[in-house]
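Take a look at the letters that make up each chain.
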Amino acid sequence: MHNNFTWIDINRPNRADVQTLINEFHIAPYIGDELLDATPKAKIDIHDHQVFFVLHFPSKDGDNTEVDFILGTNFLVTVHYGAITALERFQKEFEMHCSLEEEHHPTSSGSVFHAMISTLYQSLNDELDTTHGRLHTVEKNIFEENGQSMVRILSELSRDLLDIEQTIEGHDIILSELSRATEDRFGISLKRIKHEFHTIYRRVKNQREVLAEVRTTNDSLLAAEQNQVGQVLTILAFSTLPATLIAGIFGMNVKFEYLAHHPHGFWIIFALMTVVSSTTLAYFAYKRWI
């Protein structure tokens, strides 16, 4: 508590924790039931003196992180179902702010929520910085690395960016409804928060567009490489066809007295096969097929 404001953060609440919140802040019982289990989608419920809403944030382990908020005139309750580094960092900053007893800096649910959501979005920005660095590395190495190895890297980047986009796309509607509710009830403006969200969302979109172009380029290079290999193998197979034909002809069970009894008959046939195959390859090279 600080300056008549209370922030309560609970990780994996039990029924006793929820009942305490209901009694202390007059929370609707159905909201208490919502706090006991994770909610798969973003949502918001607006009441006369408090607003309950759920936001999801992407995490590095691939599982989306849910944060439930209950925002009142002079209190803020946050509930989550696992450790969140950004919230832990904010908690330390908030405790430091309270320990300084800065009475000339009034604490309110609006100011704390602004600072908290900014910290969460900054963590997401840091993750996008990492993704941008990986994408930039891929752009530089795409013409040097093996195309097959780049497919996995690009797929992982696509998965990470898609996860971020799908996780936060519900924030826009929630923040819009929350903005109207908080301005009417608590005099809280969320313009800066909404601007931060749209900045992040544009970054995700831009990175996905760049990734799509890089992936198209890599697919083209990979297809060209595979076509080149197929072309070489086809030419090599075709160049041996005349030699195979000659060997088949002279291997027929018919009498061909000249070569059959010639002391250098084998070498004559071998030389003939070599000349025909070399001429075929030379012709392909002249036509720039290889």
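Conventions and cut-offs
- Residues numbered from 1 in each chain as written.
- Predicted model: local features only at pLDDT ≥ 70, side-chain atom pairs only at ≥ 80, totals over all residues.
- Heavy atoms only, no water.
- Helix = DSSP H or I, 4+ residues; strand = E, 2+ residues; numbered from the N terminus.
- Buried < 20%, exposed > 50% of the residue type's maximum accessible area, 1.4 Å probe, protein only.
- Contact = heavy atoms within 4.5 Å.
- Salt bridge = Lys/Arg side-chain N within 4 Å of Asp/Glu carboxyl O.
- Phe/Tyr/Trp six-rings, centres within 6.5 Å; stacked < 30°, edge-to-face > 60°.

Asks: Just checking my understanding: could you explain the overall build of the protein for this structure?
Replies: Within the protein one finds ten helices and five strands. A total of 290 residues make up the protein; the buried ones form 38% of that total. The long-range fraction of contacts in the protein, counting pairs at least 24 apart against all pairs at least 6 apart in sequence, stands at 65%.

Asks: What is the right way to read the pattern of salt bridges from this model?
Replies: Side chains that differ in sign of charge can pair as their charged atoms come close. In the structure shown here, the tally under the stated rule is nine salt bridges. Among the salt bridges present, the one from Glu 156 reaches Arg 152, with a minimum N-O distance of 3.4 Å. Placement of both Glu 156 and Arg 152 in helix α5 (residues 147-168) is noted, with a separation of four residues, approximately one turn of the helix. Between Arg 192 and Glu 196 there is a salt bridge, with the nearest N and O atoms lying 3.0 Å from each other. Here the residue Arg 192 and the residue Glu 196 both occupy positions in helix α7 (residues 191-239), the gap between them amounting to four residues, near one helical turn. Each of Glu 34, Lys 43 and Asp 45 takes part in salt bridges that share partners, so that together they form one network.

Asks: Help me understand the packing of aromatic side chains, please; the structure alone is not making it clear to me.
Replies: In this description, a pair of aromatic rings is defined by centroid distance and the angle of the planes. Counted under the stated rule, the structure contains eleven aromatic pairs. The interplanar angle of 75° and the centroid separation of 6.4 Å between the aromatic rings of Phe 5 and Phe 94 together place this pair among those described as edge-to-face. In this pair, Phe 5 is assigned in the segment before β1 (6-11) and Phe 94 in helix α3 (residues 85-99), connecting sequence segments 89 residues apart. Ring geometry for Phe 53 against Phe 69: centres 4.8 Å apart, planes inclined by 10°, an arrangement best described as stacked. On the criterion of sequence distance, the pair formed by Phe 53 in strand β3 (residues 50-57) and Phe 69 in strand β4 (residues 65-72) is long-range, its members being 16 residues apart. You'll find Phe 53 and Phe 69 in the same group, each marked buried. Following the ring pairs from residue to residue traces out a cluster consisting of Phe 5, Trp 7, Phe 90 and Phe 94.

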